Amino acid sequence: FIYREHLERYVPIRFSVRGRDMQTTIEDAKRTVAKEIKLPEGVHLDWVGEYSEMQAANRRLVIVIPLALLMIMAVLYAATLSLVNTLILMAQVPLACLGGVLALVITHTPFSISAAVGFISIFAIAIMDGILLNFYIHQLWEEGYTVLDSIVMGADRRFRALMMTALVDGLGLLPAALSTRIGAQTQRPLAIVVIGGAVSIALLTRVFHPTLVYVLHKQLGLTDEGERKTAPPEPAPA
């Protein structure tokens, strides 16, 4: 069939992509076509369909992801009023992304728009996880404990709550990650990224977050034993 669009005639040639990501497939196809096919004068090729939609979505993500991170930083700074605490909380994001990337590599899942949305989702999971631990550590510190004691006690007492949060996020999307039914191709990358990020948060941030809090506060001179008591002050006698 010969169709018409934008006052031009065109012939569509369709093909599907299986077992690999669309980006590299189209790039290989472009190189092959340019090498083996010589187009007559007045004829040109346009690579459209899902590929053009993916390109447009990628251009939007280049704007959306940095904007989302800036908004998260602004909200965190407004909540903590501390640049140090904001940086500590934002440091959870790379760890969560590391888990998402490893999950895609292990499952041989190509990166897609669905996976990109999954990465945006784990931003919030990582930040919420960090807020739960960071705020409790500072609460203990304000009660009179040293920074080191506050970190150890906070990591211990909030371990169950943080693990349950990560397990709910991971197990809740496990059916979507394992599904092979029609339509699963669009939801599996998102679920795999979120599960990988949740596992990374559950395991790595248990060590990374307390260590980062201690190191940064030590650099600021807040870990001296003389600045805080090793136990909360005793109540005055009646």
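Described in the following lines is the structure provided in the data block. In this text, all values refer to a predicted model and were calculated from it rather than measured experimentally.

**Details of the overall build of the chain**
Logical step 1: A tally of regular secondary structure across the chain gives nine helices and two strands.
Logical step 2: Start at the N end of the chain and walk to the C end: the helices and strands fall as β-β-α-α-α-α-α-α-α-α-α.
Logical step 3: Across its three principal directions, the C-alpha atoms of the chain cover 95 × 35 × 30 Å.
Logical step 4: Here the chain holds 238 residues, and the buried ones make up 35% of them.
Logical step 5: A separation of at least 24 residues holds for 68% of the contacts in the chain among residues at least 6 apart in sequence.
Logical step 6: Charged side chains of the chain number 20 positive and 20 negative; the gap between the two group centres comes to 8 Å.

**What about a nonpolar patch on the surface?**
Logical step 1: There is a patch of nonpolar side chains on the surface, built from Leu98, Leu102, Ile106, Val199, Leu203 and Leu204 and spanning about 570 Å² of accessible area.
Logical step 2: Going through the elements one at a time, helix H4 (92–106) and helix H9 (184–219) are the ones with two or more residues in the nonpolar patch.
Logical step 3: Inspection of the secondary structure assignment puts Leu98 in helix H4.
Logical step 4: Take Leu98: its relative accessible area is 40%, and that puts it in the partly exposed class.

**Some thoughts on helix H7 (residues 159–172)**
Given 3.6 residues per turn, any residue in an α-helix points the same way as the ones three and four places further on.
Logical step 1: Compared with an ideal rise of 1.5 Å per residue, which puts 14 residues at 20 Å, H7 spans 20 Å between its outermost C-alpha atoms and is within 8% of the ideal.
Logical step 2: For H7, the full list of buried residues reads Leu162, Ala166 and Gly170. One side of H7 carries all its buried residues, which in axial view fall inside an arc of 60°. Seen from the buried face of H7, the exposed residues on the opposite side, beyond 90 degrees, are Arg160, Met164, Val168, Leu171 and Gly172.

Procedures and definitions
Position labels on residues start from 1 in each chain and follow its written sequence. Side-chain atom pairs in this predicted model are given and counted only at pLDDT of 80 or more, local residue features only at pLDDT of at least 70, and totals for whole chains, interfaces and linings cover all residues. Excluding hydrogens and water, the side-chain values take into account all heavy atoms of the structure. A run of H or I in DSSP becomes a helix once it reaches four residues, and a run of E becomes a strand once it reaches two; helices and strands are each numbered from the N terminus. Relative accessibility decides the category of a residue: with a 1.4 Å probe and only protein chains considered, values under 20% of the type maximum give buried, values over 50% give exposed, and everything between is partly exposed. By definition, residues are in contact when any of their heavy atoms lie within 4.5 Å. Neither His nor the chain termini are counted; the positive set is Lys and Arg, and the negative set is Asp and Glu. Throughout, a charge is located at the NZ atom of Lys, the CZ atom of Arg, the CG atom of Asp or the CD atom of Glu. Surface patches are drawn from residues lacking salt bridges whose relative accessible area is over 30%; two like charges belong together within 9 Å, two nonpolar side chains (Val, Leu, Ile, Met, Phe, Trp, Tyr) within 5 Å. Only the protein chains shown count as cover for residues, and the accessible areas themselves come from Shrake-Rupley with a 1.4 Å probe. Counted as salt bridges are all cases of a side-chain nitrogen of Lys or Arg within 4 Å of a carboxyl oxygen of Asp or Glu. A helix is expected to reach a length of 1.5 Å times the quantity of its residues less one. When we speak of the arc, we mean the arc of directions from the helix axis to the C-beta atoms.

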